[in-house]
Amino acid sequence: MTLPACLDKANRLISPLMGSIVGIGFGAATVEVDLVRRDPKNLLIAAGISLVVSTLYFRRRSPTRAPSCWPAPGPPPETCSLPC
């Protein structure tokens, strides 16, 4: 599996959080106090759900050794050994 494929999996885990992040930024930019108050709560809920889902996914498909695409110093590898 290539590194972009691994990054695609990570992106799918993070993307549900983007709505709340954009809402907080939009509320701060337009001085919408309701958005600034409501969206941090939504962000915490979405982050909790994302953590539960990603924990269940990676416990079910955990690698037997450290994957080759784990963040490390130097140039990124061309392949990834994660069981994505």
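Summarised in this report is the structure supplied together with it. (Residues numbered from 1 in each chain as written. Predicted model: local features only at pLDDT ≥ 70, side-chain atom pairs only at ≥ 80, totals over all residues. Heavy atoms only, no water.)

Another aspect to go through is the pattern of salt bridges. Counted according to the given criterion, the structure contains one salt bridge. Put simply, D34 and R38 hold a salt bridge, and the shortest N to O gap is 3.5 Å. With a gap of four residues between them, D34 and R38 both fall in helix 3 (residues 33-60), about one helical turn apart. (Salt bridge = Lys/Arg side-chain N within 4 Å of Asp/Glu carboxyl O. Helix = DSSP H or I, 4+ residues; strand = E, 2+ residues; numbered from the N terminus.)

Further remarks concern the side chain of S20. The residue S20 is located in helix 2 (residues 18-30) in this model. Setting aside chain neighbours within four positions, we find S20 in contact with D39, N42 and L43. (Contact = heavy atoms within 4.5 Å.)

Here we come to helix 2. Compared with the 18 Å implied by 1.5 Å per residue over 13 residues, the 18 Å span of helix 2 between its first and last C-alpha is a close match. The complete set of buried residues in helix 2 reads S20, G23 and G27. End-on view of helix 2: buried residues confined to an arc of 55°, all on one side of the axis. Those residues of helix 2 that are exposed and angled more than 90 degrees off the buried face are V22, A28 and A29. Of the residues flanking the end of helix 2, it is V31, one or two places downstream, whose phi is positive at about 55°. (Expected span 1.5 Å × (residues − 1). Buried < 20%, exposed > 50% of the residue type's maximum accessible area, 1.4 Å probe, protein only. Arc of directions from axis to C-beta.)

Positioned with a positive phi, V31 is a non-glycine residue whose angle comes to about 55°. Here V31 shows up in the loop between helix 2 and helix 3.

As a packed pair, helix 2 and helix 3 sit with axes 8 Å apart at the nearest point and diverge in direction by 165°. As the angle between them shows, helix 2 and helix 3 are arranged roughly antiparallel. Our pair here, helix 2 against helix 3, has a crossing hand that is left-handed. When helix 2 is examined against helix 3, the residues S20, I21, G23, I24, F26, G27 and A28 are found in contact with a partner set consisting of L35, V36, D39, P40, N42 and L43. When grouped by side-chain class, the residues that make up the contact of helix 2 with helix 3 number eight nonpolar, four polar and one charged. (Axes fitted to C-alpha atoms, helices over the stretch in contact; angles between N-to-C directions. Parallel < 35°, antiparallel > 145°, perpendicular 65-115°, else oblique. Left-handed = near helix turned anticlockwise from the far one by under 90°. Nonpolar A, V, L, I, M, F, W, Y, C, P; charged D, E, K, R; others polar.)

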